[in-house]
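Residues per chain, in single letters:
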Amino acid sequence: MGSPYTGRFAPSPTGLLHAGSLVAALASWLDARAHAGRWLVRIEDVDTPRCVPGADQAILQQLAACGLLPDGPVLWQSQRGEYYAAALQTLVDQGWAYPCGCSRKEIESAQAVARHSAAVYPGTCRQGLRGKPARAWRLNVQAVQAALGLPAVTHWRDRRLGPQQQNVSQEVGDFVLRRADGLWAYQLAVVVDDAAQGITHVVRGQDLADNTARQIVLQRALGLPTPQYLHTPLVMAANGEKLSKQNGAQALNLQTPQAVLAALNAAAQVLGLSAAPAHLAPTQALALWTGQLRGKAPP
Ligand code: GLU
């Protein structure tokens, strides 16, 4: 019998792991272990212009140095275009995806007229391209919701943040599935791959929480199951933003077992776990935290 829990860590190889990304890696690994589940790694390298050559292997080595070893084969999104194409075709066949010919400029000026917030696509090409060449592909959110009898407001429950809701159509609009540059959009790739890998529990950084309602609508449209979600606290940079390479995050120092333990301890602290004593090996620290998490009733 397969485990009822499969989790994952899905880094984008835009650089090495830093103190912020280690929190999501550690949290997803510990949650899987605490549930006696499996933990998989997926390299999210669809946004090729942002990917750094070699960063994928370097990230896998960093994870291994921390004792975070995947329980199955690593998936590279760059090798999965045929599955994303098949998913898009399914949506097109249903009449739920349409080509969009709008340039960024056109979308912005339409928004200014309609007084939408900056991120909302006003649905200009929903009724057809009107002679414009197709650029991106978008999901017709309202068509999906109407056809499937889904409410306009998507409700979901985060295991840490509690009840969440979003009116995707109003707050985001018909979002992109395939970008104007031909690259697959994160939303489509993540939904197809979470299902392909049998992911039952998504544990990731809180900056991604806002994507969840879109992903749930897409899961419904494709007839795929919805995992449970837990969004972890973010590590902040000195300027008050989420820690990232852009605001000075350093690659983790994992040169010695002591350095690995220090990095893991810092991540564990963000997760509200107690620091592992300095004499422990990294794998012993992981076992300690797994025990601590098992002790708490899983939500
Ligand atoms: N690849 C995304 C990132 O590194 C994570 C996506 C996810 O966990 O859903 O930010």
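Counting of residues starts from 1 at the beginning of each chain's written sequence and follows it residue by residue. Local features are withheld for residues below a pLDDT of 70 in this predicted model, meaning they are given only at 70 or higher, and side-chain atom pairs are given and counted only at 80 or more; totals for whole chains, interfaces and linings count all residues. Water and hydrogen atoms play no part in the side-chain values, which are based on all heavy atoms of the structure.

Colleague: Can you help me understand the packing of helix H1 (residues 19-34) against helix H9 (residues 257-270) in this one?
Modeller: Geometrically, a packed helix pair is captured by the angle between its two axes and the distance between the axes. As a packed pair, H1 and H9 sit with axes 9 Å apart at the nearest point and diverge in direction by 75°. Classified by the interaxial angle, the pair formed by H1 and H9 is roughly perpendicular. Across the interface between the two elements, Leu-22, Val-23 and Leu-26 of H1 pack against Ala-263, Leu-264, Ala-267, Ala-268 and Val-270 of H9. Comment: axis = line fitted to C-alpha atoms, over the contacting stretch for helices; angle = value between 0 and 180 degrees taken between N-to-C directions. Secondary structure elements follow DSSP: runs of H or I no shorter than four residues count as helices, runs of E no shorter than two count as strands, and numbering proceeds from the N terminus. Reported orientations rely on four angle classes, namely roughly parallel under 35 degrees, roughly antiparallel over 145, roughly perpendicular from 65 to 115, and oblique for the rest. When checking whether two residues touch, look at their non-hydrogen atoms; a contact exists if any pair is within 4.5 Å.

Colleague: Teacher, can you tell me more about the side chain of Arg-204 here?
Modeller: Examined against the element boundaries, Arg-204 turns out to sit in strand S9 (residues 201-205). At 5.2 Å, Asp-194 is the nearest oppositely charged side chain to Arg-204, a buried residue that forms no salt bridge. Any N or O atom pair separated by 3.5 Å or less is treated as a polar contact, with the protein-specific requirement of one donor-capable and one acceptor-capable atom, and with residues adjacent in sequence counted only for side-chain atom pairs. A polar side-chain atom of Arg-204 sits 3.0 Å from a polar atom in the side chain of Thr-212. A distance of 2.9 Å separates the side chain of Arg-204 from the side chain of His-231, its partner in a polar contact. Sequence-distant contacts of Arg-204, that is, excluding residues within four places in its chain, are made with Arg-8, Ala-24, Tyr-186, Thr-212, Gln-215, Tyr-229, Leu-230, His-231 and Thr-232. Burial status follows relative accessibility: with a 1.4 Å probe on protein chains alone, a residue under 20% of its type maximum counts as buried, one over 50% as exposed, and anything between as partly exposed. Counted charges follow a simple rule, with Lys and Arg positive, Asp and Glu negative, and His plus the chain ends left uncounted. Take a side-chain nitrogen of Lys or Arg and a carboxyl oxygen of Asp or Glu: if they are within 4 Å of each other, that pair is a salt bridge.

Colleague: Quick question: what am I supposed to make of unusual backbone geometry here?
Modeller: Leaving glycine aside, a negative phi is the common case for residues, and trans is the common case for peptide bonds. In this structure, Ala-36 is a non-glycine residue whose phi angle is positive, near 55°. Tracing the sequence through the fold places Ala-36 in the loop between H1 and strand S2 (38-43). Judged by relative accessible area, Ala-36 falls into the exposed class, the value being 58%. The phi torsion at Arg-130 lies on the positive side, around 50°, for a residue other than glycine. Within the secondary structure, Arg-130 is located in the loop between helix H4 (104-114) and strand S5 (136-139).

Colleague: Please explain the packing of aromatic side chains as it appears in this structure.
Modeller: Aromatic rings in a pair are described by how distant their centres are and how their planes are angled relative to each other. A pair of Phe, Tyr and Trp rings is counted when the ring centres sit within 6.5 Å of each other, with Trp represented by its six-membered ring. The angle between the planes then sorts it: under 30 degrees is stacked, over 60 is edge-to-face, the rest tilted. Going through the model one piece at a time under the given rule, you end up with two aromatic pairs. Placement of a positive charge over a ring is assigned whenever Lys NZ or Arg CZ falls within 6 Å of the ring centre and within 35 degrees of the normal to the ring plane. Positioned over the ring face of Tyr-83 is Arg-80, at 4.4 Å from the centre of the ring. The ring of Tyr-121 has Arg-138 lying over it, and the distance from NZ or CZ to the ring centre is 3.5 Å.

Colleague: Would you mind going over helix H7 (residues 186-196) with me for this structure?
Modeller: The α-helix winds at 3.6 residues per turn, so residues separated by three or four positions along the chain end up facing the same way. In terms of burial, H7 is largely enclosed, as eight of its 11 residues are buried. Listed as buried for H7 are Gln-187, Leu-188, Ala-189, Val-190, Val-191, Val-192, Asp-193 and Asp-194. A positive backbone phi angle near 65° is found at Gly-198, which sits one or two residues after H7.

Colleague: What exactly am I supposed to notice about the site of the ligand here?
Modeller: Proximity is defined per residue: if any heavy atom of the residue lies within 4 Å of a molecule or strand, that residue is considered near it. Neighbouring residues of the ligand: Arg-8, Ala-10, Pro-11, Ser-12, Glu-44, Tyr-186, Val-190, Arg-204 and Leu-208. Note that an oxygen atom of the ligand is positioned 2.8 Å from one of the side-chain N or O atoms of Tyr-186. Between the ligand and the protein, one listed contact pairs an oxygen atom with a side-chain N or O atom of Arg-204 at 2.8 Å. All accessible areas in this document rest on Shrake-Rupley with a 1.4 Å probe, and a residue is counted as covered only by the protein chains that are shown. A total of 300 Å² of accessible area belongs to the ligand in isolation, and the protein chains cover 80% of it. Residues belonging to the shell around the ligand are distributed by class as follows: five nonpolar, one polar and three charged. Residue type decides the class: Asp, Glu, Lys and Arg count as charged, Ala, Val, Leu, Ile, Met, Phe, Trp, Tyr, Cys and Pro as nonpolar, and the leftover types, Gly among them, as polar.

In short, geometric facts, not functional conclusions.
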